[in-house]
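# Examining the three-dimensional arrangement
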Amino acid sequence: MTEDKMTQDKYTVLKQLYGYDSFREGQERMIDDILSHRDCFAVMPTGAGKSVCYQIPALLLPGITLVISPLISLMKDQVMALKQLGVPAAYLNSSLTPRQFDLALDNAFRGMYKIIYVAPERLVTPRFVEFSYCSDISLVAVDEAHCVSQWGQDFRPSYLNIADYIDRLPERPAVAAFTATATDAVREDIVRYLRLSSPDILITGFDRPNLYYGVETPGKKYDALLTYVRERPDEHGIVYCSTRKTVDEVCDNLTADGVSAAKYHAGLPDADRRTAQEDFTYDRVQVIVATNAFGMGIDKSDVRFVVHYNMPKDLESYYQEAGRAGRDGAAAECLLFYSPQDTHVAKYLIENGEIDTGIDQETAAKVRERDLLRLDKMVGYCMTPQCLRGYILGYFGEKTAPGGCGNCSNCRGSAKALGVADEAGKVMRFVEAHTERYGFSIGPKNIADALKGRETDDISRLGLASNPYFGALDYMPTERIRRVIDLLVYQGALKYSEGKYRTIELTGRKAAAESLYIKDDGRESRKSDRRREKSKGQIRRQDYDDSMAGDDSELYGRLKALRKRLADTRGVPPYVIFSDKTLLEIVKRRPKDRFDMLECSGVGERKLELYGDIFLKEVNR
Ligand code: ADP
Ligand code: ZN
């Protein structure tokens, strides 16, 4: 094939196969690199469309494309999606019996597949090596390339074999690496350990404009979650919790409250986990409640919300987990329930958690220090009154336009920055006076109550009413006083004691006066103003570009139901038939015939053939 022909063809493949009109940022550049046999490496956020970058060249290049992927479920889903598009593909991993594995390899030998997904461990098996020697391999695409790095969250030692494997091939194929992980250390490791040869490195913007970001501090997390989930019965989402125990509790409670939910964590038997994941993928349950063990393997593109029931340990994890929402490009929500308690748990885990064996004391200390710094930034995200998207992108080194994104809880809600320098001073002086007089420390609840001027049993037992600052913040809701205390802890002017009871101590440091702001989202007045609470829930639904009138949402509902029926008969997940985004396109365009149908983004020729008529009938019913 001449280069000219190939450039022409990449557009044709995009349109005919996938049904898309134009490439997204970075895709074309990666495709061109690969077609001209240049190594390349792309850092693109989840949902940016990395697969298209190697699948299109795979179809245009003469030989086979190997996609090295760390996860079985991911491979399975991708192969299923490719088959739906009519592309001959297979996967080779430990989920196959030896017989199935041999059979697949035999087929591969006979050139029956254009794309083969393979687990890194398989590369070095004798049978696979033999196959590799006799086959024409045009491209090796390394998915989730950060697994090669020890600095990444998902280090996979067998990724270190990839470079040797490639070196031993009779002819060096093009090598393309992909990841969504952004840090410099990981990027450097990828280039080094995969031994990419003068690669073209592409780093696209990290923003995911279709995602809404929200932070809330609900008094009762579970109630808030239940309300949230009940408000969107037709949408599917993930609820992340920090411990297995919380997963069990939340999932059991949801089930008892009539929400269809499955749970997923590392403490469950393999079979249960697999069922849970499948039930979620195939839309048999609305919600999956999971620890971060539920991760990379999820290819479900129509996840409409990701709620974090606890704060994760750093923004890297948060962005990755939250990023599993809305991969199809339609509006989706990422909500984090923050409580200061989460900070403690996270800190405790970092300070007392197990460190990889084989790491010396000094490195271990450094890792801990790094983790604490990251945690700090995560807490900052939960407390900042500024634009949340701006905060995240800033953390990853990206500049954003001033003025906010208009699609996060701080930009949309009534959140304002409330200066609390004066109040912070009173909190500090209260604690100082108390420490001076009594020499023992007390907990944040009692401090807040005393400053508020409440006369509880604890207050009288501890003699707090005689503190000169007793009642000094009587004009401020206790909840807000707690936030001032949190802020002072965050800034390092106060700290929690090490002991069994979480009491507050002085650190001897001063707070930075210029950044004494707390987020004022009007929470305190909500109780007395139920109406407002309701409307707040509604504006949270971001209308990105798919706001719907009654008619539309009725049709959307019908199309979703049709998709589910088709998916069930074919034994594939609904999003493999059409993504939510594509259904929304169909709703918007109301196609009259097959030509109109092809105009809808996500409808390629193959899908038109398979599902065109039946969807047309439903639209025009
Ligand atoms: P990633 O692997 O980067 O997370 P995927 O490859 O799963 O992302 O793609 C995310 C979604 O975007 C998929 O539904 C995919 O079909 C869709 N997509 C990819 N490229 C395009 C494009 N050029 N136009 C429209 N949609 C696209
Ligand atoms: Zn914003």
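Computed from a predicted structure; not experimentally measured.

### Structural notes on the pattern of salt bridges
Following the criterion strictly, the structure yields 44 salt bridges and no others. Two residues, aspartate 39 and arginine 172, come together in a salt bridge whose shortest N-O distance is 3.0 Å. Taken together, the residues aspartate 39 in the loop between α2 (27-35) and β1 (40-43) and arginine 172 in the loop between α7 (162-167) and β6 (174-179) connect sequence positions 133 residues apart. Exposure remark for arginine 172: the relative accessible area of 32% places this residue in the partly exposed category. Between aspartate 371 and arginine 370 there is a salt bridge, with the nearest N and O atoms lying 3.2 Å from each other. Overall, aspartate 371 belongs to the buried group, its relative accessible area being 19%. Residue arginine 370 is classed as partly exposed on the basis of its relative accessible area, which comes to 24%. If you follow the salt bridges from partner to partner, you end up with Glu231, Arg232, Glu235 and Glu333 in one network.

### Details of the pairing of strand β2 (residues 64-68)
Judged by how many residues are buried, β2 sits mostly within the fold: five of five residues are covered. A two-sided burial pattern is seen for β2, the buried positions comprising Ile64, Leu66 and Ile68 on one face and Thr65 and Val67 on the other. Relative to strand β5 (residues 137-142), β2 is paired through five bridges, and the arrangement is parallel. Residue pairing across strands places threonine 65 opposite leucine 139, the latter belonging to β5. When β2 meets strand β4 (residues 115-118), the two strands line up parallel, connected through four bridges. Its bridge partner being in β4, leucine 66 is matched across the sheet by isoleucine 116.

### Quick look at the domain arrangement of the chain
Often the size quoted for an interface is simply the accessible area lost on bringing the parts together. The domain architecture assigned to the chain consists of domain 1 (3-203), domain 2 (211-415), domain 3 (418-520) and domain 4 (539-619). Spacing between the C-alpha centres of domain 1 and domain 4 amounts to 30 Å. Contacts between domain 1 and domain 4 engage 14 residues on the former and 18 residues on the latter. The interface formed by domain 1 and domain 4 contains zero salt bridges.

### What to know about the coordination of the zinc ion (ligand 2)
Six octahedral donors around a metal ideally sit at 90 or 180 degrees from one another, while four tetrahedral donors ideally sit at 109.5 degrees. For the zinc ion (ligand 2), the full set of protein donor atoms is Cys387 (SG), Cys405 (SG), Cys408 (SG) and Cys411 (SG), and the range of their distances to it is 2.3 to 2.4 Å. Here the zinc ion (ligand 2) is ringed by four donor atoms whose angles at the metal span 100 to 120 degrees, and the overall shape comes out tetrahedral. Donor residues for the zinc ion (ligand 2), ordered by position in the chain, follow C-x17-C-x2-C-x2-C. Taken as a pair, cysteine 387 in the loop between α14 (361-383) and α15 (388-395) and cysteine 405 in the loop between α15 and α16 (409-412) lie far apart in primary sequence, 18 residues in all.

### Topic: the state of the cysteines
A full pass over the atoms with the stated rule returns zero disulfides. Free of any disulfide, cysteine 147 has its nearest cysteine sulfur in cysteine 53, 18 Å distant. Look at cysteine 147 and you get buried, because its relative accessible area is 1%.

### Some words on the environment of glutamate 216
Among the secondary structure elements, glutamate 216 is positioned in strand β8 (residues 211-216). Here glutamate 216 falls in the buried class, since its relative accessible area comes to 14%. Separated by 102 residues in sequence, glutamate 216 and tyrosine 318 place their C-alpha atoms 15 Å apart.

### Some remarks on helix α22 (residues 550-570)
Taking 1.5 Å of rise per residue, the 21 residues of α22 would be expected to cover 30 Å, and the 30 Å separating its terminal C-alpha atoms lies within 8% of that figure. When we look at burial in α22, the residues that qualify are Leu555, Tyr556, Arg558, Leu559, Lys560, Leu562, Arg563, Leu566 and Ala567. Those residues of α22 that are buried are in contact with α23 (574-577), α24 (580-589) and α26 (605-619). Immediately downstream of α22, the backbone of glycine 571 shows phi near 65 degrees, a positive value.

### Topic: helix α6 (residues 126-134)
Among the residues of α6, those classed as buried are Phe128, Phe131 and Ser132. One side of α6 carries all its buried residues, which in axial view fall inside an arc of 100 degrees. Looking at α6, the residues exposed on the side facing more than 90 degrees away from the buried face are Pro126 and Cys134. For α6, the secondary structure elements touched by its buried residues are β2, β3 (89-92), α5 (98-109), β4, β5 and α7.

### Comments concerning the site of ligand 1
As a matter of local geometry, ligand 1 sits amid 14 residues, with Tyr20, Ser22, Gly47, Ser51 and Arg327 nearest to it. One nitrogen or oxygen atom from the side chain of tyrosine 20 is found 2.6 Å from an oxygen atom belonging to ligand 1. Alanine 48 is positioned such that a nitrogen or oxygen atom in its backbone is 3.4 Å from an oxygen atom of ligand 1. Taken by itself ligand 1 offers 560 Å² of open surface, and the protein chains cover 85% of this. Residue contributions to the shell around ligand 1 peak at three residues, all from helix α3 (residues 50-60).

### A closer look at the sheet that holds strand β12 (residues 305-308)
Strand order in this open sheet of six strands is β8-β13-β12-β9-β11-β10, and the pairing throughout is parallel. The sheet is open, and its two edges are formed by β8 and β10 (261-264), each paired on a single side. Along the sheet, successive strands turn relative to each other by an average axial angle of 15 degrees, direction set aside. In this structure, strand β9 (residues 237-240) lies alongside β12, joined through four bridges in parallel fashion. Note that in β12 the partner of isoleucine 238 across the bridge is valine 306. Packed onto the sheet, helix α10 (residues 244-256) meets β10 and β11 (287-290) and runs at close to 170 degrees relative to β10. Relative to the sheet, helix α11 (residues 270-281) contacts β9, β10 and β11, its axis offset from that of β10 by approximately 135 degrees.

### Details of the packing of aromatic side chains
This model, assessed by the stated rule, comprises 20 aromatic pairs. For the pair phenylalanine 128 and tyrosine 165, a centre-to-centre distance of 5.9 Å together with 35 degrees between the ring planes defines the contact as tilted. One end of the pair, phenylalanine 128, is in helix α6; the other, tyrosine 165, is in helix α7, with 37 residues separating them in the sequence. A relative accessible area of 0% places phenylalanine 128 in the buried class. What links up through ring pairs into an aromatic cluster is the set Phe206, Tyr213, Tyr319, Tyr395 and Phe396. One cation-aromatic arrangement involves lysine 221 over tyrosine 309; the distance from NZ or CZ to the ring centre is 5.7 Å. Over the ring of phenylalanine 280 we find lysine 300; its NZ or CZ atom is 5.2 Å from the centre of that ring.

Conventions adopted
Residues numbered from 1 in each chain as written. Chains lettered and ligands numbered in written order. Predicted model: local features only at pLDDT ≥ 70, side-chain atom pairs only at ≥ 80, totals over all residues. Heavy atoms only, no water. Salt bridge = Lys/Arg side-chain N within 4 Å of Asp/Glu carboxyl O. Helix = DSSP H or I, 4+ residues; strand = E, 2+ residues; numbered from the N terminus. Buried < 20%, exposed > 50% of the residue type's maximum accessible area, 1.4 Å probe, protein only. Pairing = 2+ DSSP bridges. Domains from an automatic or database assignment. Contact = heavy atoms within 4.5 Å. Donors = N, O, S within 2.8 Å, 3.2 Å for Na, K, Ca; no water. Tetrahedral: all angles 85-135°; square planar, octahedral: opposite > 155°, others 65-115°. Disulfide = S-S within 2.5 Å. Expected span 1.5 Å × (residues − 1). Arc of directions from axis to C-beta. Near = heavy atom within 4 Å. Polar contact = N/O pair within 3.5 Å; in protein donor to acceptor, adjacent residues only side chain to side chain. Areas by Shrake-Rupley, 256 points an atom, 1.4 Å probe, with all protein chains shown as cover. Axes fitted to C-alpha atoms, helices over the stretch in contact; angles between N-to-C directions. Phe/Tyr/Trp six-rings, centres within 6.5 Å; stacked < 30°, edge-to-face > 60°. Lys NZ or Arg CZ within 6 Å of the ring centre and 35° of its normal.

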